[in-house]
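# Overview (structure and organization)
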Amino acid sequence: MNILIIGSGGREHAIAMALSKSPNNNRLFALPGNPGIREYCECIDIDVSNFREIKNFSKNNNIDLVIVGPEVPICEGISDYLKGDKIDVFAPSQEASKLESSKKFTKEIAFENNIPTGKAKWFNNQTEASVYLEKLEAPYVIKADGLAAGKGVAICENIKDANNSLIDIFDGKFGSGQSVLIEDFLYGEELSYFAITDGKEILPLIGAQDHKRLLDKDEGPNTGGMGAYCPPPMLSSELENKIMMQILEPTIYGLKKRGIEYKGILFAGLMVKENEPSLIEYNIRFGDPETQALLMLLKSDFTELLIETMNGNIKNYNLEWEKKRAITVVLANNGYPSQYNTNAEIHGIKEAEKDPNVKIFHAGTSISNGALTATGGRVLNVTSMADTLEEARRHAYSAIEKISYKGKIYRNDIAWRALSKIT
Ligand code: AMP
Ligand code: GLY
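To start, this report covers the structure provided alongside it. No experiment lies behind these values; they were computed from the predicted model shown.

Ligand 2 sits among Asp-210, Lys-212, Gly-224, Phe-267, Asn-283, Arg-285, Gly-287, Asp-288, Pro-289 and Glu-290. Gly-224 has a polar backbone atom sitting 3.3 Å from a nitrogen atom of ligand 2. Interatomic distance of 2.8 Å between a side-chain N/O atom of Glu-290 and a nitrogen atom of ligand 2. Residues belonging to the shell around ligand 2 are distributed by class as follows: two nonpolar, three polar and five charged.

Printed below as a string of structure tokens:
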């Protein structure tokens, strides 16, 4: 098998690691990749939006399977484009990916199929949206309809901020022609849940908990995710059954009723209150940084899982997990998620990885004049697996102390929810 990974973050580094364990691979490529991914893949300098070049590269290098990390090329239709040339792609079609690219589409599917989710209304007109807001109580949840790299959601404590968010959206801050979704605030604990479907069956994978806010105690602005752990203790088999029966199965069924087949990974962002799950949103790709923890725990062959999905055969796949816990802590650049300085030299990764429990995934790194530098907002993902979550966390935080670069920031409390329940 020759496999091409599309993307350049910590998630794609973890995907490369998981694929590299398989005896079925001949060659692994990544595009554009990053300095960490080079450990497993030949990295190719092609932009993820340049579908024509990706197709030519895939044909010239006998790529058997393409796996796509980020949402943008999936929502732009890379799967349909490459499949048109008989190249297998592990990613849903453009139409199915509306589950992520249009919050309105997802709400329609949820309402049509009685899937538990917050009540919501959408507006194309700012005045009407503002009038509707007056009828609600804080906190107000305001969402731009399209893709916005996790930044199109505002949770506002007062009506003034809520109205300002409406102005931002209708002024085109998240793209032109926007519509806006105003949604009831959901109380509870957030959970990321992952499943794979081959168009016929849904194979539940595992759950994880992300930490979206920048600062300890869940304070500060929303980010792409500052750390995650897997599996969370709240995820009982009873809760998993509810997620499957009340949310994932009706979603796949609802898509089918509209003539849409979903093949690939389905990532549900959920709110759980008193053991009852509600859908916040869908993503049509692996989560970042959840995947870094999740794939550490995957014991069975990842390549085979992708192949069985493509072949419509996941019911015969024997999914196995390590009976351990994994955690990943994001090291970011001071200033993220807004402006940050780049190009500080990074030291200490080799030292940190001397601990066999620890793996460092690269997210936003580059090589500059022969030195490894911190160029992205999220820079590294310090990941650890151990018998208990406390132990995994200890290993991760002691590895972090060995890594240095100017502007290094991170949260000190990843997994606090789980650990406060255990102890
Ligand atoms: P999304 O991009 O839809 O995942 O939203 C980003 C974050 O905003 C979520 O991870 C939640 O923390 C929060 N959020 C979104 N919608 C709601 C809601 N209806 N109620 C409470 N929190 C929400
Ligand atoms: N960690 C959340 C996401 O990947 O969207």
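Alright, that's what it looks like, and here's the rest.
Contacts to ligand 1 come from 14 residues, most closely from Glu-183, Leu-186, Glu-190, Lys-212 and Glu-281. The side chain of Lys-143 places a nitrogen or oxygen atom 3.0 Å from a nitrogen atom of ligand 1. Taking 470 Å² as the accessible area of ligand 1 by itself, protein coverage stands at 93%. For the shell around ligand 1, the secondary-structure elements that each account for two or more residues are β7 (140-144), β8 (153-156) and β16 (276-283). In the shell around ligand 1, the residues fall into seven nonpolar, no polar and seven charged.

Generally speaking, soluble globular proteins have nonpolar side chains that are buried together. Counting residues in hydrophobic clusters, the biggest one holds 48 residues, and the most contacted among them are Leu-4, Ile-6, Ile-54, Val-66 and Leu-248. A per-element tally of this core places helix α9 (residues 237-257) first, with seven residues. Excluding residues that lie within four positions of it along the chain, Ile-6 makes contacts with Glu-12, Leu-31, Val-48, Ile-54, Val-66, Ile-67, Val-68, Gly-69, Pro-70 and Ile-78. Of all hydrophobic cores here, the second largest spans 41 residues; its members include Ile-15, Leu-19, Ile-196 and Leu-297.

Strand pairing in a sheet is mediated by backbone hydrogen bonds. Such pairs are either parallel or antiparallel. Across the sheet, which stays open at both edges, the four strands sit in the order β6-β9-β7-β8 with antiparallel pairing between neighbours. Strand pairing shows two members of the sheet lacking a second neighbour, β6 (120-123) and β8, which therefore form its edges. Along the sheet, successive strands turn relative to each other by an average axial angle of 20°, direction set aside. With four bridges joining them, β7 and β8 adopt antiparallel strand pairing. Note on β8: the bridge partner recorded for Tyr-140 is Cys-156. On top of the sheet, helix α6 (residues 103-112) reaches β6, β7, β8 and β9 (180-183); it is set at about 140° to β6, its chief contact.

Turning our eyes to something else, we now look at the packing of aromatic side chains. Inspection of every chain in the model, using the stated rule, returns seven aromatic pairs. Measuring from ring centre to ring centre gives 5.3 Å for Phe-123 and Tyr-132, while their planes differ by 40°; the resulting arrangement is tilted. A relative accessible area of 10% places Phe-123 in the buried class. A relative accessible area of 8% means that Tyr-132 is categorised as buried.

Turning our eyes to something else, we now look at the pattern of salt bridges. Per the counting criterion, the structure on display carries 21 salt bridges. When the shortest N-O distance is used, the salt bridge between Arg-411 and Asp-218 registers 2.9 Å. Here Arg-411, found in the loop between β23 (408-409) and α14 (416-422), pairs with Asp-218, found in the loop between β12 (213-215) and β13 (219-222); they are 193 residues apart in sequence, far enough to count as distant. One network of salt bridges, with partners in common, ties together Glu-39, Glu-353 and Lys-359.

A word on the sheet that holds strand β2 (residues 27-32). Strand order in the open sheet formed by five strands is β3-β2-β1-β4-β5, and the pairing between neighbours is parallel. The open sheet has two edge strands, β3 (42-43) and β5 (88-90), and neither has a second partner. As paired elements, strand β4 (residues 65-68) and β5 share three bridges and run parallel to each other. Residue pairing in the sheet places Val-66 in a bridge with Val-89 of β5. Running at roughly 165° to strand β1 (residues 2-7), helix α1 (residues 10-20) makes contact with β1, β2 and β4 of the sheet.

What counts, and at which threshold
Residues numbered from 1 in each chain as written. Chains lettered and ligands numbered in written order. Predicted model: local features only at pLDDT ≥ 70, side-chain atom pairs only at ≥ 80, totals over all residues. Heavy atoms only, no water. Near = heavy atom within 4 Å. Polar contact = N/O pair within 3.5 Å; in protein donor to acceptor, adjacent residues only side chain to side chain. Nonpolar A, V, L, I, M, F, W, Y, C, P; charged D, E, K, R; others polar. Areas by Shrake-Rupley, 256 points an atom, 1.4 Å probe, with all protein chains shown as cover. Helix = DSSP H or I, 4+ residues; strand = E, 2+ residues; numbered from the N terminus. Core = buried A, V, L, I, M, F, W, Y, C linked by side-chain atoms within 4.5 Å. Buried < 20%, exposed > 50% of the residue type's maximum accessible area, 1.4 Å probe, protein only. Contact = heavy atoms within 4.5 Å. Pairing = 2+ DSSP bridges. Axes fitted to C-alpha atoms, helices over the stretch in contact; angles between N-to-C directions. Phe/Tyr/Trp six-rings, centres within 6.5 Å; stacked < 30°, edge-to-face > 60°. Salt bridge = Lys/Arg side-chain N within 4 Å of Asp/Glu carboxyl O.

This is a description of form; function is not addressed.
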